[in-house]
Amino acid sequence: MAHIYDVAAYILTKLGPMTAMKLQKLCYYSYGYHLAWEERQMFPERFEAWANGPVSPTLYAKHRGRFQLQGGDIAGDPNALDDGERESIDLVLASYGDFTANQLSQMTHAEKPWTFARERAGASPMERSAEPLTDEDMFEFFDAMVTAVSYGEEG
């Protein structure tokens, strides 16, 4: 199984330099859609419901204090990803790659995996929270998104 570092390194290789927050959100969307499409985890690391949206503390520890990241800044192996994982990430990057970090963060604030975790924690809008997002909530949300797009209910 790949790790979030491998996904982050792959994303930086594909899109080039970006903010740490944007990288976090692209890893989150890659994980969520992969969970729905493949019905399996992309990596074992979890996301927490931080004030600015879902964040992987494991990935955060690697870029803490850095605003901008580029290829080589996150030590990961893009070759550790299997074909299904790369395909999931590529589809997410095609759909979400042009959004800014703030746009991606705002999008997550309207989505159930993050809002449910914030509610469980009893966290106010800008309050810190380490409440994990559950795979169950993520699968349900992203599976519904995939189903809506498949049936032309989106956009």
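So, here is what we can say about the structure in this document.

## Topic: the side chain of His-34
Then, number 1: Within the fold, His-34 resides in helix H2 (residues 20-38).
Then, number 2: Apart from residues no more than four positions distant in its own chain, His-34 is found in contact with Glu-39, Arg-40, Gln-41, Met-42, Gly-84, Glu-85 and Ser-88.

## What about the packing of aromatic side chains?
Then, number 1: Inspection of the entire model under this criterion finds 14 aromatic pairs.
Then, number 2: Residues Tyr-28 and Phe-142 carry aromatic rings whose centres are separated by 5.7 Å and whose planes lie at 65° to one another, so their mutual orientation is edge-to-face. Taken as a pair, Tyr-28 in helix H2 and Phe-142 in helix H7 (residues 135-150) lie far apart in primary sequence, 114 residues in all. Each member of the pair, Tyr-28 as well as Phe-142, is classed as buried.
Then, number 3: Here a set of aromatic residues connected by ring pairs shows up, and it is made of Tyr-28, Tyr-29, Tyr-31, Tyr-33, Trp-37, Phe-43, Phe-47, Tyr-96, Phe-99, Phe-141 and Phe-142.

## Comments concerning the packing of helix H1 (residues 4-15) against H2
Then, number 1: At their nearest, the axes of H1 and H2 sit 10 Å apart, and the two run at 115° to each other. The angle between the axes of H1 and H2 places the two elements in the roughly perpendicular class. Between H1 and H2 lies a crossing whose hand is right-handed. Every residue of H2 that contacts H1 at Ile-4, Val-7, Ala-8, Ile-11, Leu-12 and Leu-15 is listed here: Leu-23, Leu-26, Cys-27 and Ser-30.
Then, number 2: Of the residues that constitute the contact of H1 with H2, the class distribution is nine nonpolar, one polar and no charged.

## A word on unusual backbone geometry
Then, number 1: Although it is not a glycine, Glu-39 adopts a positive phi angle of roughly 55°.
Then, number 2: Relative to the helices and strands, Glu-39 is located in the loop between H2 and strand S2 (48-50).
Then, number 3: Relative accessible area serves as the criterion here: at 63%, Glu-39 is assigned to the exposed category.

## Re helix H4 (residues 83-96)
Then, number 1: With 14 residues, H4 ought to run about 20 Å at 1.5 Å a step, and its terminal C-alpha atoms sit 20 Å apart, in line with that.
Then, number 2: Its buried side turned inward, H4 meets H1, H2 and helix H5 (101-109).
Then, number 3: The distance from a side-chain oxygen at the start of H4 to the backbone nitrogen of Gly-84 is 3.0 Å, and the residue carrying that oxygen is Asp-82.

## Some details on the pattern of salt bridges
Then, number 1: Counted by the stated rule, this structure contains nine salt bridges.
Then, number 2: Here Arg-120 and Glu-131 are joined by a salt bridge, their closest N and O atoms 3.1 Å apart. Here Arg-120 is found in helix H6 (residues 112-121), whereas its partner Glu-131 is found in the loop between H6 and H7, with eleven residues between them in sequence.
Then, number 3: Taking relative accessible area as the criterion, Glu-131 reaches 23% and is therefore assigned partly exposed.
Then, number 4: Connected through salt bridges with shared partners, the residues Glu-38, Arg-40, Asp-82 and Glu-85 form a single ionic network.

Procedures and definitions
- Residues numbered from 1 in each chain as written.
- Predicted model: local features only at pLDDT ≥ 70, side-chain atom pairs only at ≥ 80, totals over all residues.
- Heavy atoms only, no water.
- Helix = DSSP H or I, 4+ residues; strand = E, 2+ residues; numbered from the N terminus.
- Contact = heavy atoms within 4.5 Å.
- Phe/Tyr/Trp six-rings, centres within 6.5 Å; stacked < 30°, edge-to-face > 60°.
- Buried < 20%, exposed > 50% of the residue type's maximum accessible area, 1.4 Å probe, protein only.
- Axes fitted to C-alpha atoms, helices over the stretch in contact; angles between N-to-C directions.
- Parallel < 35°, antiparallel > 145°, perpendicular 65-115°, else oblique.
- Left-handed = near helix turned anticlockwise from the far one by under 90°.
- Nonpolar A, V, L, I, M, F, W, Y, C, P; charged D, E, K, R; others polar.
- Expected span 1.5 Å × (residues − 1).
- Polar contact = N/O pair within 3.5 Å; in protein donor to acceptor, adjacent residues only side chain to side chain.
- Salt bridge = Lys/Arg side-chain N within 4 Å of Asp/Glu carboxyl O.

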